Amino acid sequence: MTSGCIGALTVGLAGALVCFLSGADDKEKAALDRDEARKAFEYLNRIRKEPAKFSKEIGINLENVKARPGLKWNDILAKVAEEKALDMANRDYFGHVTPEGLGINIQIHEAGYSLPKDWLKEKDQNFFESISAGTNTGEEAIRNLIVDKDLPAALHRKQLLGITDFYSECTDIGIGFARNPKSKYRTYMSIVIARKK
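In short, a report on the structure. Here the structure is a predicted model, which is why all the values come from computation and not from measurement. Along every chain, residues carry numbers that run from 1 in the direction the sequence is written. Per-residue local features of the predicted model are confined to residues with pLDDT of at least 70, and side-chain atom pairs are confined, for both listing and counting, to 80 or more; whole-chain, interface and lining totals are unaffected and use all residues. The basis for every side-chain value is the complete set of heavy atoms in the structure, and neither hydrogens nor water enter the calculation.

Another aspect to go through is the side chain of S190. Secondary structure elements follow DSSP: runs of H or I no shorter than four residues count as helices, runs of E no shorter than two count as strands, and numbering proceeds from the N terminus. Relative to the helices and strands, S190 resides in strand β6 (residues 187-194). Polar side-chain contacts of S190 include one of 2.8 Å to the side chain of E129. Contacts are residue-level and defined by heavy atoms, with any inter-residue pair within 4.5 Å sufficient. Setting aside anything within four residues of it in sequence, one finds S190 in contact with A81, K84, A85, E129, S130, I131, G174, I175 and G176. Under the rule applied, a polar contact is a pair of N or O atoms within 3.5 Å (in protein, one hydrogen donor and one hydrogen acceptor; residues adjacent in sequence only if both atoms are side-chain atoms).

Here we take up the pairing of strand β5 (residues 172-179). Throughout, exposure labels follow a simple rule: accessible area from a 1.4 Å probe, protein chains only, divided by the maximum for the residue type, with under 20% read as buried, over 50% as exposed, and the rest as partly exposed. The buried fraction of β5 is high, at 7 of 8 residues. Two strands are said to pair when DSSP picks up at least two bridges between them. As paired elements, strand β3 (residues 72-73) and β5 share 2 bridges and run parallel to each other. Paired with K72 across the strands is D172, a residue of β5. Where β5 lies against β6, 8 bridges are found, and the strand directions are antiparallel. Within β6, the residue paired with D172 across the bridge is A194.

Buried residues of nine kinds, namely Ala, Val, Leu, Ile, Met, Phe, Trp, Tyr and Cys, make up a nonpolar core once their side-chain atoms join them within 4.5 Å. Formed by 39 residues in total, the largest nonpolar core has its most connected members in I108, F128, I142, I146 and I191. Looking at this core, the element that brings in the most residues is helix α1 (residues 34-49), giving 6 residues. If near-sequence neighbours (up to four positions away) are discounted, I108 is found in contact with I76, L77, V80, Y113, L115, F128, V192 and A194. Counting 10 residues, the second-largest nonpolar core is a separate cluster that includes M88, A89, Y93 and I131.

Moving on to the packing of aromatic side chains. Two rings belonging to Phe, Tyr or Trp (six-membered ring only in the last case) form a pair when the distance between their centres is within 6.5 Å. Interplanar angles under 30 degrees mark stacking, angles over 60 mark edge-to-face geometry, and anything in between is tilted. A full pass over the atoms with the stated rule returns 11 aromatic pairs. Aromatic side chains F41 and W73 sit 5.1 Å apart centroid to centroid with 70° between the ring planes, which places their arrangement in the edge-to-face category. Residue F41 is found in helix α1, and its partner W73 is found in strand β3; the two are separated by 32 residues along the sequence. With centroids separated by 6.0 Å and ring planes inclined at 80°, the aromatic side chains of Y185 and Y188 adopt a geometry described as edge-to-face. Residue Y188 is classed as buried on the basis of its relative accessible area, which comes to 0%.

Put into structure tokens, the structure is as follows:
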């Protein structure tokens, strides 16, 4: 899959940046919405800094969640997250593993964000990605992932808010938000929060 855009996030942009994938077929292609990705990034960092303050807004008690520093935007992780969101939107699937069986660990490593070899043992491994589909905004997706209604272990919440020792050491982030009105869920978001070692 190729894109005619650079994977960097432009902060302070007024309005959505939209990129279209190049393609020769007549099937509608997904478009990136970098404005929604930026809003999701900023919103998540506000929540991480003062989780308890967002308990009512999100709808769960975050009083016992320790405040964490804001995550740092990483262009490599953003490019991978954008490609993943576009891939899900264009090929109409929703999952951490691509139809070819690749998990996010391999994808970010191959993009140039080096990971230890033992984190790459299985090609479908995912230590670093949270995904959402069918939301209107990136902020709505962040709220849904923190609530984590369908995942009793609250793994998305633990990752996004750095609740476990492993996730508290993950400081880099990239987000991709894609729209395709012809796909099942219409919107797809990939959030990759990682650390190199």
